[in-house]
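Breakdown of the fold
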Amino acid sequence: MRVRGRYAPSPSGPLHLGNARTALAAWRSARLQGGAFVLRVEDLDRQRSRPELIDVNLAELRWLGIDWDEGPDVGGPCGPYVQSARFARYEEALERLRGSGHTFGCWLSRKDVLEASSAPHGRPHVYGPAQRALNAAVGAARRQAGKASCERFLAPPGEIAFVDREAGPQRFDILEEIGDFVLRRADGEWAYQLAVVVDDLAMGITEEVRGEDLLVSTGAQLLLYAALGAAPPVFAHVPLLLDEDGQRMAKRRGSQTLSALREAGASPEALVGRLAHSMGWVETPAPLRAVELLDGGLGELPPAAGGNPKTQ
Ligand code: GLU
């Protein structure tokens, strides 16, 4: 089967160096295996998404030297490639999950969820048994009062384990670390976890190379793959690039953006060389064209992840 990789930017701000590095890693991995590369825009969050940034983000990626076979600007057989145009597919998947008993309605506010938490591992937002009990106690009355509910995935007890191609073996306690995650919010907006799984499945994605901050999300997503009866892709989570303060780069903090670096005179080759070096793909940070990352010798990928994810 031909490898199909993807990069899935959220147009909530200009791309920063960390985004660029993850995009390069995803593109390089797919291309080194002779695979196709898909660009999907993740604009689910209506408050944060800025539609005018979609074209800007795509242009920034092209400027770096990344290309794609399918995407919002070039089309392709699995479109549309913008999540805001794919709601019917999320609805259909949610319907299936409801039918198989994997969902429940939740009438708790964010504050309720946090307050009910005994926060054993500093994860007060994880929706576990305490929140279920509170929902059972107050849900019916709130429903009668006309309060809108969100829909959550009913997480099974046990552990989920998988082997990440970059980050190695992973294991999460489902109820303590993942919990009953949201599929559709009370305001009707679709949640990331559901949308990303539905889209990656529909787009035939065979590997997801993305930032390490999404490792726990992968646990949730693997539960969704299983509930939908589908085989998951290979996962490869790459370390996040830190900014000068040692903090994770964030679009909202205005961390080093590609546009600012470009305006300051940086060339794409200079940035690609620096990022490739930071990933350990090359020995020096000398300028490099993205396509040169695909040359023999530089083209080693870690061995494929062994074994399928399993719940226990
Ligand atoms: N849209 C997410 C982001 O920009 C990436 C999600 C993913 O790669 O699964 O952080």
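I will try to describe carefully the structure that is included in this document.

Reading the values: the criteria
- Residues numbered from 1 in each chain as written.
- Predicted model: local features only at pLDDT ≥ 70, side-chain atom pairs only at ≥ 80, totals over all residues.
- Heavy atoms only, no water.
- Axes fitted to C-alpha atoms, helices over the stretch in contact; angles between N-to-C directions.
- Helix = DSSP H or I, 4+ residues; strand = E, 2+ residues; numbered from the N terminus.
- Parallel < 35°, antiparallel > 145°, perpendicular 65-115°, else oblique.
- Contact = heavy atoms within 4.5 Å.
- Nonpolar A, V, L, I, M, F, W, Y, C, P; charged D, E, K, R; others polar.
- Near = heavy atom within 4 Å.
- Polar contact = N/O pair within 3.5 Å; in protein donor to acceptor, adjacent residues only side chain to side chain.
- Areas by Shrake-Rupley, 256 points an atom, 1.4 Å probe, with all protein chains shown as cover.

Topic: the packing of helix α1 (residues 17–32) against helix α10 (residues 268–278)
The contact between α1 and α10 brings their axes to 10 Å, and the two run at 75°. Relative to α10, the element α1 lies roughly perpendicular. Across the interface between the two elements, L17, A20, R21 and L24 of α1 pack against L271, V272, R274, L275 and S278 of α10. In terms of residue class, the contact of α1 with α10 is made up of 6 nonpolar, 1 polar and 2 charged.

Describing unusual backbone geometry
Across the junction of G79 and P80, the peptide omega takes the value -5°, indicating a cis bond. With respect to the helices and strands, the residue P80 is situated in the loop between α2 (52–64) and α3 (87–99).

Description of the site of the ligand
In the neighbourhood of the ligand, the contacting residues comprise R6, A8, S10, E42, Y192, V196, R210 and L214. E42 places a side-chain nitrogen or oxygen 2.6 Å from a nitrogen atom of the ligand. Considered on its own, the ligand offers 300 Å² of accessible surface; in the complex 78% of this is hidden by protein. For the shell around the ligand, a count of residues per class yields 4 nonpolar, 1 polar and 3 charged.

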